[in-house]
Amino acid sequence: MNKLGTYAAETIDLAPPARAETARPATNPAAQPAAQPRWTHIHAPDVRASAVRSTAWRGLRREFKVFLSNPNALFGVAFLLVVALSALLASVIYPGDPMEMVARPFLWPGQNGTYPLGTDSMGRDVLAGILHGARISLTVGIAATLLGLSAGILIGATAGYFGGIVDDILVKFIEIFQTIPSFVLLVVLVAIAQPTTGTVTVAIATVSWPTVARLTRAEFRAIREKDYVLAARSLGFGHARIIFREILPNALPPLIVTSSVMVASAILMESALSFMGLGDPNRISWGSMIGAGRDVIRTAWYLTALPGLAIVFTVLALNLIGDGLNDALNPRFSEER
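First, a word on scope: everything that follows refers to the structure included in this document. None of these values were measured; they are calculated from a predicted model.

This next bit is on the environment of L186. Along the chain, the position of L186 falls in helix 6 (residues 182-192). For the pair L186 and I204, spaced 18 residues apart in sequence, the C-alpha to C-alpha distance is 6.5 Å. Leaving out residues up to four positions away in the same chain, L186 has contacts with A203, I204, V207, M269 and L273.

Right, dumping it as structure tokens:
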């Protein structure tokens, strides 16, 4: 029996099947079918694809371990989970309206066990306001980040992939938004429209997407000439498949790191708008609580300090998570490890 090499740990057998010892003589030799070789590997699974999947999974596990080994990132995740859980259970812990007057004004923290963090100048529970305000801040921050990422990735990917005149037009469009101060544009957009939670979210996304578009464009310009992208083009894949299946997954690490910073920036922007009275008047938020307590900051400083600390620690947690993601996903750090 003759054998030629090995393929995927299997032997390729080119020899015809063994003849039976007691074969009947053929009456018509021309009518007998010729013996066909057995290709035992013809239905074998694609070992290359499985190897790529296993390699990607091992890399993902390694990056996950690196992230979990960062104590600062773990602290950020833990604190952010506490804030998210508080926002989800706010209606259960305080089912009433957080803007309702429930006690006499200016109860200091610890003065009354029913109101652990005291009451404000209108007799509203401060702890209820902080818990319900976490829901608004996280909702606006996450929703604005998702909208900004979607618009920025779409525009940046189109500009970086096609290049040429398409790139020039989209870059000029991005520069128009970047020449205007972001917070000034944000105030103008909210002032023109009715200040609601949805309006604030869309306005924050409008001023946030240019940064994502710039980063996505740079990543696509660096990746579009890679060998695997050229191979995908040679196989006749369409532009959409190459953009979303070949290039975008390799451009995601810096975008994931940027998204954590965008959530923190969106929370700060929403708080600033609420502090200025441009937030949703029917919803309580951390910024509106700080704005309401600024008039009595000398006599009741806790009314601004407590929601201010909530903003500070939430933004700090998001930045710590971003640093941990950068350490885990940055290829330069991966090579050093």
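As a further point, take the packing of aromatic side chains. Under the criterion given, the structure shown has eight aromatic pairs. An aromatic cluster of three or more residues is present, and its members are F75, F79 and F313. Its end group placed over the ring of F237, R241 keeps NZ or CZ at 4.2 Å from the ring centre. Sitting over the face of the ring of F275, R294 holds its NZ or CZ atom 4.7 Å from the ring centroid.

On to helix 10 (residues 286-293), then. Since the α-helix turns once every 3.6 residues, residues separated by three or four places project in the same direction. Across the eight residues of helix 10, six count as buried, placing the element largely inside the fold. Among the residues of helix 10, those classed as buried are W286, G287, M289, I290, G291 and G293. Buried-residue contacts for helix 10 involve helix 2 (71-88), helix 4 (126-162), helix 9 (239-275) and helix 11 (302-329).

Moving on, we come to the nonpolar core. Among the nonpolar cores identified, the biggest contains 21 residues, and V126, W286 and L303 are the most heavily contacted of them. Going through the elements one at a time, helix 2, helix 4, helix 9, helix 10 and helix 11 are the ones with two or more residues in this core. Looking at which element gives the most residues to this core, the answer is helix 11, with six residues. Non-local contacts of V126, meaning those with residues more than four positions away in its chain, are made with L117, G118, T119, D120, M289, Y302, L303 and L306. Counting residues in each nonpolar core, the second largest holds 16 residues, with I153, A157, I223 and L255 among its members.

Once that is clear, we can look at the side chain of T197. The residue T197 is located in helix 7 (residues 197-223) in this model. Beyond its immediate stretch of four places on either side in the chain, T197 contacts V140, D280 and R283.

Our focus in this paragraph is the side chain of D120. Of note, D120 is situated in the loop between helix 3 (90-93) and helix 4. Only 3.0 Å separates the side chain of D120 from the backbone nitrogen of G123, close enough to count as a polar contact. Filtering out sequence-adjacent residues up to four positions away, D120 remains in contact with P105, F106, V126 and L303.

Counting across every chain of the model gives one cavity of 30 Å³ or more. Put simply, the largest cavity is a space of about 60 Å³. Here the lining of the largest cavity is composed, by residue class, of three nonpolar, five polar and three charged.

How each quantity is defined
Residues numbered from 1 in each chain as written. Predicted model: local features only at pLDDT ≥ 70, side-chain atom pairs only at ≥ 80, totals over all residues. Heavy atoms only, no water. Helix = DSSP H or I, 4+ residues; strand = E, 2+ residues; numbered from the N terminus. Contact = heavy atoms within 4.5 Å. Phe/Tyr/Trp six-rings, centres within 6.5 Å; stacked < 30°, edge-to-face > 60°. Lys NZ or Arg CZ within 6 Å of the ring centre and 35° of its normal. Buried < 20%, exposed > 50% of the residue type's maximum accessible area, 1.4 Å probe, protein only. Core = buried A, V, L, I, M, F, W, Y, C linked by side-chain atoms within 4.5 Å. Polar contact = N/O pair within 3.5 Å; in protein donor to acceptor, adjacent residues only side chain to side chain. 1 Å grid on protein atoms, 1.4 Å probe; cavity = no way out; pocket = protein on both sides within 12 Å on 5 of 7 lines; lining within 4 Å. Points joined across faces, edges and corners; volume = space filled by probe spheres on them. Nonpolar A, V, L, I, M, F, W, Y, C, P; charged D, E, K, R; others polar.

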